[in-house]
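Working through the structure, step by step
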Amino acid sequence: MAHQFDVVDSEIVLEAPILAVRRDQVRMPGGNISAREIVEHFGAVAVVAADEDNRLYLLNQWRQAAGKRLVELPAGLLDVADEDPLEAAKRELVEEAGLEAESWSLLTDMFSSPGFAEEAVRIYLARGLRAVDKPEAHDEEADMTASWIGVEEAVAMALRGEILNGIALSGILLAAEVLLRGATPRSVAEPFDIRPTALAKRRTEQLGTGADLKRIR
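Residues numbered from 1 in each chain as written. Predicted model: local features only at pLDDT ≥ 70, side-chain atom pairs only at ≥ 80, totals over all residues. Heavy atoms only, no water.

In the annotation of an unreviewed UniProt entry, the chain is listed under the name NUDIX hydrolase and assigned to Corynebacterium amycolatum.

1. With respect to the UniProt feature "domain: Nudix hydrolase" (unreviewed entry) in the chain
Here is the rule we go by: UniProt positions are given in the numbering used here, feature names are shortened, and annotations may be inferred rather than shown by experiment. Helical segments are the DSSP runs of H or I of at least four residues, strand segments are the runs of E of at least two, and each set is numbered from the N terminus.
According to UniProt, the positions carrying the feature "domain: Nudix hydrolase" (unreviewed entry) are residues 40–171. Along residues 40–171 one finds 21% helix and 42% strand; the C-alpha atoms at either end are 23 Å apart.

2. Focus on helix α3 (residues 166–181)
Stated formally: Here a helix's expected span is defined as the number of its residues, less one, multiplied by 1.5 Å. Contacts are assigned to residue pairs that have any heavy atoms within 4.5 Å of one another.
For α3, with 16 residues, the first-to-last C-alpha span of 22 Å sits near the 22 Å given by 1.5 Å per residue. Turning to α3, the residues buried within the fold contact β4 (44–49), β5 (55–63), β6 (68–72), β8 (99–111), β9 (120–131) and α2 (151–159). Looking at the residues trailing α3, positive phi occurs at G182, about 75°.

3. Notes on the environment of D212
Going by this rule: To sort residues, take the accessible area from a 1.4 Å probe on protein chains only and compare it with the maximum for the residue type: under 20% means buried, over 50% means exposed, and anything in between is partly exposed. Pairs of N or O atoms are called polar contacts if they sit within 3.5 Å, as long as, within protein, a hydrogen donor faces a hydrogen acceptor (for residues adjacent in sequence, only side-chain-to-side-chain pairs).
The topology assignment puts D212 in the segment after α4 (198–207). Taking relative accessible area as the criterion, D212 reaches 32% and is therefore assigned partly exposed. In this structure the C-alpha to C-alpha distance between D212 and I149, which are 63 residues apart in sequence, comes to 34 Å. Once residues within four sequence positions are removed from consideration, D212 is found in contact with D79 and L207. Only 3.0 Å separates the side chain of D212 from the side chain of K214, close enough to count as a polar contact.

4. Regarding helix α1 (residues 85–97)
Look at α1: 17 Å from first C-alpha to last across 13 residues, which is about the 18 Å you get at 1.5 Å a residue. Buried within α1 we find P85, L86, A88, A89, E92, L93, V94, E96 and A97. Contacts made by the buried residues of α1 are with β4, β5, β7 (75–77), β8 and β9. Residue D84 occupies the N-cap position of α1, its side-chain oxygen lying 3.0 Å from the main-chain nitrogen of L86. Just past α1, the residue G98 takes up positive phi, approximately 65°.

5. Some thoughts on the pairing of strand β3 (residues 33–40)
Stated precisely, the cut-off is as follows: Pairing between two strands requires that DSSP report at least two bridges joining them.
In the sheet, strand β2 (residues 19–27) pairs with β3 via 8 bridges, with the strands oriented antiparallel. Paired with Q25 across the two strands is A35, which belongs to β3. Here β2 folds back onto β3 in antiparallel fashion, the turn holding 5 residues, of which G30 has a positive phi close to 95°.

6. Brief notes about the nonpolar core
Spelled out, the test is: To qualify as a nonpolar core, a set must consist of buried Ala, Val, Leu, Ile, Met, Phe, Trp, Tyr and Cys residues joined through side-chain atoms within 4.5 Å.
By size, the foremost hydrophobic cluster in this structure holds 27 residues, and its most contacted members are V48, L56, L58, L73, I123, L125 and I172. Counting only elements with at least two residues in this core, the list comes to β4, β5, β8, β9, α2 and α3. It is α3 that provides the largest number of residues to this core, a total of 7 residues. Those residues in contact with V48 that lie beyond four places of it in its chain are L56, L73, L107, I123, Y124, L125, A126, G171, I172 and A175. Grouped together as the second largest cluster of nonpolar side chains are 19 residues, V45, A49, L93 and A120 included.

7. Section: the sheet that holds β3
Our working rule: The convention used is that axes are lines fitted to C-alpha atoms, helices contributing only their stretch in contact, and that angles between N-to-C directions extend from 0 to 180 degrees.
The 3 strands lie next to each other as β1-β2-β3, forming an open sheet whose pairing is antiparallel. A strand with exactly one partner marks an edge of an open sheet, and here the two such strands are β1 (7–16) and β3. Going across the sheet, the axis of each strand differs from the next one's by a mean of 20°, ignoring polarity.

8. Considering the environment of S187
Counting through the fold element by element, S187 comes out in the loop between α3 and α4. Linking S187 and L77, residues 110 residues apart in sequence, is a C-alpha distance of 21 Å. Polar side-chain contacts of S187 include one of 3.0 Å to the backbone nitrogen of A189.

Structure follows, in C-alpha cells:
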C-alpha cells in the first residue's frame, strides 16, 4: 500500500512579490518527520506561436538566476487573481510578441522544478497569427530580442544545447510533433488541474478578486 505523505505542520518562512517559501513537516515512511522547503508560486503560461510557414516566435531574454540570456517562449505569471489561463496567454502574446492568434490549442501542463517548487506551467500552441500593437516594455523585457525560427531549426537548436529553458524545450518539441508529424494537441477547455493554488488563495483573500497578486502587505 502506497505511503501517505501527511503534512503534520506548516509555516511560511518568506513572503515575496512573486513567490513565497513554505516549510512543511512531512511524515515519511517509517514514521520519521522531515522538513521540506517548498517554493509557492502562482503558476504560469507559455505560448508556442507558429506562423503559416511553421516558424516559431522565440525570445532571447536575460535571466538573473541563470546569469545569461536564454532562448524562451512568450510567457508570464498567472498573477491576476482568478484569471483564466487562456486569457493570460493571450495577454502575454500581445505584450511580448505583439501578436494575436485565431486558433489556440493545449500542448501540455508541466511542473518546472517539482523537487522544490510548486510552479506549474500551461503551454499553448497559437496559430493564425496577426500583428497588433505591442505595449512599451519595461525592465528585462526592454532588453529582449526576438526571432522567427523554423520549427525544424528550433529542434536542432535544442539538440545542439542552444536552448536551456525547460519550458521552451518542452513547448518546441511538442509543437514539432503537431506541426511536422500531425499529432493532435489537446483542447484549451481541459482543466489546469496542477495549477498551484496556495499562494494565489492567500493573496486573493488579502487583496480580492481581480487584484495584482504580486502586491504584498
